[in-house]
Every structure is written in structure tokens, then in C-alpha cells.
Amino acid sequence: GLLAISVVTLPIFTSPSETFVESPLLLSGAAEWIAARLSEWLPLVSQAWNAILLTLFCRAEFRRLGNELLGGILGNDDKEVKAADATIVPTLQIAAEGILAVAVTMYGAYYLQYWPAQNFCNAAIAILVARAI
């Protein structure tokens, strides 16, 4: 979605006068106002989208690590087994994964710019993309 928005809005930022030639928007100054507002808000939207996506990738990687390290401890109760033998992930485990992913991604990688947290986020993306391929 963000790539499509950037492609569509590129002519507005590069040459708004050529984009809106002989337009009532250009004459009223609205085109420059729209371009200014878009240039202020689109980078923030893009950063928020990237942070959310990184958090989801990190959460998936924390889930995988948790299942490998604590697989025998978590999710072996008879109450947690469905008819199809799929285990239901406990709510506490989901909350812990989410909190840990937000802490590493938002606080460690974005706010502190702590390189091990950034490396973990990059590794999480690489691992999940490699699995998808």
C-alpha cells in the first residue's frame, strides 16, 4: 500500500506546477498545501507501518523460540488440545510474546537504537522470509 501511495504522490512532490497545470487547485494554492501536508504525514505513516510490521515479525520469532525452548512445558495440558490435535496457545503466552516483541522493536530498536535489538529484528525478517521461500 505504501509503495503505491509513494508512486502516485511522486509527481506532486517533484513538480506540483506541472502536475496541476491550469487547474483550479493550483490557482487556489491548494496543491501546495496538499503537497506540504502529505510530505509531513507520509513519513510518519511509513515509519509506523514499518514498526508494526517489525513487531509482528519479532513476535513470530519469539513464538518460535519459545516453542523450541519451552515446548515441553507450554501447551501440553489435555485442556489445550483441540479435536484436530492442534494446541491452543495460552493467552498468557500470547501476551508475553507481544510485550516482548514491542519492547525489543519499539523500545530497543527504534527508541534506543540498540544494535542487538536491531540485529534481532533484521534476523527475524530474514528467517521468516527464508521460510516463506
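Scroll up to find the structure.
Structure report, in brief.

Rules used throughout
Residues numbered from 1 in each chain as written. Predicted model: local features only at pLDDT ≥ 70, side-chain atom pairs only at ≥ 80, totals over all residues. Heavy atoms only, no water. Helix = DSSP H or I, 4+ residues; strand = E, 2+ residues; numbered from the N terminus. Areas by Shrake-Rupley, 256 points an atom, 1.4 Å probe, with all protein chains shown as cover. Phe/Tyr/Trp six-rings, centres within 6.5 Å; stacked < 30°, edge-to-face > 60°. Buried < 20%, exposed > 50% of the residue type's maximum accessible area, 1.4 Å probe, protein only. Core = buried A, V, L, I, M, F, W, Y, C linked by side-chain atoms within 4.5 Å. Contact = heavy atoms within 4.5 Å. Salt bridge = Lys/Arg side-chain N within 4 Å of Asp/Glu carboxyl O.

A look at the overall build of the chain
Stage number 1. When you go through the chain residue by residue, the secondary structure sums to six helices and zero strands.
Stage number 2. For the chain, the sequential pattern of α-helices and β-strands runs α-α-α-α-α-α.
Stage number 3. As displayed, the chain offers around 9400 Å² of accessible surface, 68% of which is attributable to carbon and sulfur atoms.

Some remarks on the packing of aromatic side chains
Stage number 1. Using the criterion set out here, one finds two aromatic pairs in the structure.
Stage number 2. Ring geometry for phenylalanine 62 against phenylalanine 120: centres 4.7 Å apart, planes inclined by 25 degrees, an arrangement best described as stacked. Linking phenylalanine 62 in helix 4 (residues 30-70) with phenylalanine 120 in helix 6 (residues 115-132), this pair joins segments that are 58 residues apart in sequence.
Stage number 3. Judged by its relative accessible area of 16%, phenylalanine 62 falls in the buried class.
Stage number 4. Residues tyrosine 107 and tyrosine 111 carry aromatic rings whose centres are separated by 5.6 Å and whose planes lie at 20 degrees to one another, so their mutual orientation is stacked. Separated by four residues within a single helix, tyrosine 107 and tyrosine 111 lie in helix 5 (residues 91-111), roughly one turn from each other.

Let's talk about unusual backbone geometry
What is expected of a backbone is that most residues other than glycine have negative phi and most peptide bonds are trans.
Stage number 1. Backbone geometry at glutamine 113 places phi at a positive 55 degrees, although glycine is not the residue there.
Stage number 2. When its relative accessible area of 57% is taken as the criterion, glutamine 113 is described as exposed.

Digging into the nonpolar core
Stage number 1. In terms of nonpolar packing, the biggest core is built from nine residues, these being Leu54, Cys58, Phe62, Ala101, Val104, Ala109, Ala117, Cys121 and Ala124.
Stage number 2. Those elements giving two or more residues to this core turn out to be helix 4, helix 5 and helix 6.
Stage number 3. For alanine 101, the residues in contact, after removing those within four places along its chain, are Thr55, Cys58, Arg59, Phe62 and Met106.

A few points about the pattern of salt bridges
Stage number 1. In total, this model carries six salt bridges according to the counting rule given.
Stage number 2. A salt bridge links glutamate 40 to arginine 37, with the nearest nitrogen and oxygen atoms 3.1 Å apart. Here arginine 37 and glutamate 40 lie together in helix 4, a separation of three residues that amounts to about one turn.
Stage number 3. Owing to a relative accessible area of 43%, glutamate 40 belongs among the partly exposed residues under this scheme.
Stage number 4. The closest approach of N and O atoms between arginine 131 and glutamate 61, which form a salt bridge, is 4.0 Å. Of this pair, arginine 131 sits in helix 6 while glutamate 61 is found in helix 4, placing the two residues 70 residues apart along the sequence.
Stage number 5. You can call glutamate 61 buried: its relative accessible area is 2%.

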